[in-house]
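# Summary of structural features
Next come the chains, spelled out residue by residue.
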Amino acid sequence: MFRTALKRFQNKWKSYRHRFVPWIILNLSKNEKTLRQVTERTKDKLVSDEEVSQSLLKLFRVLLRSHGADHGELRAAQTHFLSQVTSEEEQYGRNPACGHDAMLQSLGFCIDRQPSTLPFAGTGVYVTKGFVPKGATVAMYPGTVYQAYEPILLQSIRNPFVFRCIDGVLIDGNDKGISKMVFKSCSGRDRVGPFMMSDTSWLTATPQNPLAVGQYVNNCSNEWPANVCYQEYDVPDEFPIELHQYLPNVNYSQDTRRPLRCVVLVSLRDITAGEELFSNYYTIVR
Ligand SMILES: C[S@@+](CC[C@H](N)C(=O)[O-])C[C@H]1O[C@@H](n2cnc3c(N)ncnc32)[C@H](O)[C@@H]1O
């Protein structure tokens, strides 16, 4: 009897692919209605990697333009790259005042952190301006990337920000304490000449890449169904080196021999200004 119950629990546990571990232990049985189900691992993607790349490149190019004016040492390296921008980007103007302007101009919406609509849910993420069409890249999940075999025990204690990817890769999106120290240290280590390979400003109240607040998106409920979902995105080799400085992820280990793992949040439907973003912390792969 006990063995059967244990076996059933083990099978159920194994099928949960995205999980914030402490949260799921407490809430596994509470809102089964909101579970997201996919039939195969490869079918978990709502939009293609190419579409995600295009959205990120569009935003990052506008950010580079605005920040280029502030970073003299990078200007020479960027000049070549900037000469390649398309006429579409020209219309965004030479110097957007901040990341939010860049986001509105390039993607057509802004997101920001504010107190959640849900009682006792702390901070959430809202669309504050513009309009998000279905299938848009709405946010990024920042943090240190641990391969499935790498140790994360100390950093994961009482940490609700550890996100588990479909393949067991973990992303620690906590912007405080030891998690913050680890991210900064790994980011400083990976610098290539004048180029930063990742962005540490998501650890502050004002991230340069305004998409990098996805770790604050709350779980959906029966009253508030999910309007975004998580999607793994491996940064392709051809991603311009000048634009890595806006990626809010870094590998824990310098020896990782695979593309940098990022996770983006993609809209499941059209979302209008004033709406809070809700994801589904659980995905079942059948
Ligand atoms: C990844 S964090 C999300 C950011 C969090 N709201 C904060 O302010 O730090 C996950 C934590 O948010 C809270 N949370 C997320 N969704 C919730 C919900 N639907 N109801 C209540 N609390 C929620 C839980 O405390 C959970 O452990």
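Model, not experiment: these values are computed from the prediction.

### Some remarks on the site of the ligand
In the vicinity of the ligand there are 14 residues, among which Leu118, Ala121, Thr123, Asn218 and Asn219 approach most closely. At 2.6 Å, a backbone N or O of alanine 121 approaches a nitrogen atom of the ligand. In the environment of the ligand, a nitrogen atom lies 2.8 Å from a nitrogen or oxygen atom belonging to the backbone of threonine 123. Split by residue class, the shell around the ligand holds nine nonpolar, five polar and no charged.

### Some thoughts on the nonpolar core
Formed by 51 residues in total, the largest nonpolar core has its most connected members in Phe60, Ile111, Phe239 and Leu277. Contributing elements (two or more residues each) for this core: α3 (49-68), α6 (99-107), β2 (109-115), β3 (123-132), β4 (137-141), β9 (228-234) and β11 (261-267). Ranked by residues supplied to this core, first place goes to α3 with eight residues. Here phenylalanine 60 is in contact with Met140, Asn209, Phe239, Leu243, Tyr246 and Leu247, once residues within four sequence places are set aside. Core analysis: the next-biggest nonpolar cluster, separate from the first, contains eleven residues, Tyr146, Val162, Leu170 and Phe183 among them.

### Topic: the sheet that holds β4
Overall, antiparallel pairing links the three strands, which are arranged β4-β11-β9 in an open sheet. The open sheet terminates on both sides in strands that have one partner only, identified here as β4 and β9. For this sheet, the mean inter-axis angle between neighbouring strands, taken without regard to orientation, is 30°. Across four bridges, β4 lies against β11 in antiparallel orientation. Bridge pairing in β11 places threonine 137 opposite valine 266.

### A few points about the pattern of salt bridges
Summed over the entire model, instances satisfying the criterion amount to seven salt bridges. With a closest N to O distance of 2.8 Å, aspartate 190 and arginine 189 form a salt bridge. Judged by its relative accessible area of 18%, aspartate 190 falls in the buried class.

### As for the packing of aromatic side chains
Two descriptors summarise a pair of aromatic rings, namely the distance from one centre to the other and the angle between the planes of the rings. Under the criterion given, the structure shown has nine aromatic pairs. Seen from their ring centres, phenylalanine 60 and phenylalanine 239 are 6.1 Å apart, and the 80° between their planes marks the pair as edge-to-face. A residue pair is termed long-range when its members are at least 10 positions apart, and phenylalanine 60 in helix α3 and phenylalanine 239 in the loop between β9 and β10 (249-251) qualify at 179 residues. The two residues phenylalanine 60 and phenylalanine 239 agree in class, both being buried. Seen in terms of ring centroids, phenylalanine 163 and tyrosine 230 are 4.7 Å apart; in terms of plane orientation they differ by 55°. Their pairing is tilted. With phenylalanine 163 in strand β6 (residues 162-164) and tyrosine 230 in strand β9, the pair connects residues that are 67 residues apart, well separated along the chain. The exposure classification of phenylalanine 163 matches that of tyrosine 230, with both residues buried.

### Looking at a negative patch on the surface
Together, Glu50, Glu51, Asp237 and Glu238 give the surface a local cluster of negative charge. Among the secondary structure elements, glutamate 50 is positioned in helix α3.

### Considerations on unusual backbone geometry
Its identity is not glycine, yet phenylalanine 120 carries a phi of approximately 65°, on the positive side. Residue placement: phenylalanine 120 occurs in the loop between β2 and β3. Of note in the backbone geometry, arginine 158 takes a positive phi value of approximately 50° without being a glycine. Tracing the sequence through the fold places arginine 158 in the loop between α7 (153-156) and β6.

Rules used throughout
- Residues numbered from 1 in each chain as written.
- Predicted model: local features only at pLDDT ≥ 70, side-chain atom pairs only at ≥ 80, totals over all residues.
- Heavy atoms only, no water.
- Near = heavy atom within 4 Å.
- Polar contact = N/O pair within 3.5 Å; in protein donor to acceptor, adjacent residues only side chain to side chain.
- Nonpolar A, V, L, I, M, F, W, Y, C, P; charged D, E, K, R; others polar.
- Core = buried A, V, L, I, M, F, W, Y, C linked by side-chain atoms within 4.5 Å.
- Buried < 20%, exposed > 50% of the residue type's maximum accessible area, 1.4 Å probe, protein only.
- Helix = DSSP H or I, 4+ residues; strand = E, 2+ residues; numbered from the N terminus.
- Contact = heavy atoms within 4.5 Å.
- Pairing = 2+ DSSP bridges.
- Axes fitted to C-alpha atoms, helices over the stretch in contact; angles between N-to-C directions.
- Salt bridge = Lys/Arg side-chain N within 4 Å of Asp/Glu carboxyl O.
- Phe/Tyr/Trp six-rings, centres within 6.5 Å; stacked < 30°, edge-to-face > 60°.
- Patch = residues over 30% accessible without salt bridge, like charges linked within 9 Å, V, L, I, M, F, W, Y side chains within 5 Å.
- Areas by Shrake-Rupley, 256 points an atom, 1.4 Å probe, with all protein chains shown as cover.
- Lys, Arg positive; Asp, Glu negative; His and termini not counted.
- Charge placed at Lys NZ, Arg CZ, Asp CG, Glu CD.

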